[in-house]
Amino acid sequence: MLGEVIIVFKNITRMKAALPEVLHIIMFYNNGTVFQTTLEQEINIPKLGENLAELLNNIRNVYSLCNFKLEGYKKLIFETDDISIIILKLGEESNIALFFKKEEDKELKLTAIKRYITRIEELIDMDEKEIILHEVLEKEEQLRNLQVLLNNKEQNVKELQEKMNLFDKEESKSIQKEINSIQQEIIKLEKEIINYNEDIFKLRELIEKEKKV
């Protein structure tokens, strides 16, 4: 876990130092979980992450309703007179949102967004392998937790099956219902574990491709 924190912290501090105009940076997953930010804890960071993820989902829904093909977004820009937001895709499930002040010079305002995006994308390209590695580490941690949960439920089923032999027919029926319910949960967990393993494999393939480039 410490390695993950160092990787992400290095990315976010490097980007903040290279982009002094940026007020705040938020790195978040597609499900809205914020895994790194420069915002203070007084801000409702979980809610902010949820809204950023919802913003991306709304754009996907717009494409779907219009029957537009959407393989994946690259960037989303929201520009106002004082504060602008740029959201860019980092990895398979991660994104970065940057909040920055607008240029006061009117001539600079016309090219500010393009300049920021170019600089941000350059920084992201530099750290791409580290970002992918962070995703791998995060998914491996989640995979371990799922495996522990699966083992616990399988053990629970085993204990209940042994317990059934000690009770009469009616009580055994009740225990069997409980076993059936847990077995359904086990099936779902097994599917989740398969999906996580596939995601990790794909991410590791990306890392290997980056090494060869």
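Residues numbered from 1 in each chain as written. Predicted model: local features only at pLDDT ≥ 70, side-chain atom pairs only at ≥ 80, totals over all residues. Heavy atoms only, no water.

### Comments concerning the pattern of salt bridges
Considering all chains together, one arrives at six salt bridges under this definition. One salt bridge connects Asp199 with Lys139, and the closest N-O pair in it is separated by 3.4 Å. One end of the pair, Asp199, is in helix α5 (residues 169-212); the other, Lys139, is in helix α4 (residues 128-164), with 60 residues separating them in the sequence. With relative accessibility at 6%, the residue Lys139 sits in the buried group. Between Arg204 and Glu140 there is a salt bridge; the shortest N-O distance is 2.7 Å. (Salt bridge = Lys/Arg side-chain N within 4 Å of Asp/Glu carboxyl O. Helix = DSSP H or I, 4+ residues; strand = E, 2+ residues; numbered from the N terminus. Buried < 20%, exposed > 50% of the residue type's maximum accessible area, 1.4 Å probe, protein only.)

### Overview of the sheet that holds strand β2 (residues 34-37)
Ordered by their spatial adjacency, five strands build an open sheet running β2-β1-β5-β4-β3, and the pairing between neighbours is antiparallel. The strands lining the two open edges of the sheet, one partner per strand, are β2 and β3 (75-79). The mean angle between the axes of side-by-side strands here comes to 15°, regardless of whether they run parallel or antiparallel. By the bridge criterion, three bridges tie strand β1 (residues 22-29) to β2 in an arrangement that is antiparallel. Bridging from a neighbouring strand, Met27 pairs with Gln36 of β2. (Pairing = 2+ DSSP bridges. Axes fitted to C-alpha atoms, helices over the stretch in contact; angles between N-to-C directions.)

### Side note on helix α2 (residues 45-65)
Under the 1.5 Å per step criterion, the end-to-end length of α2 is 30 Å for 21 residues, consistent within 8% with the ideal 30 Å. Of all the residues in α2, the buried ones are Ile45, Gly49, Leu52, Ala53 and Leu56. Looking straight down α2, one finds its buried side chains confined to an arc of 90°; they lie on one side. Along α2, exposed side chains directed more than 90 degrees from the buried face belong to Pro46, Ser64 and Leu65. Where the residues of α2 are buried, they touch β1, β2, β3, β4 (83-89) and β5 (94-101). (Expected span 1.5 Å × (residues − 1). Arc of directions from axis to C-beta. Contact = heavy atoms within 4.5 Å.)

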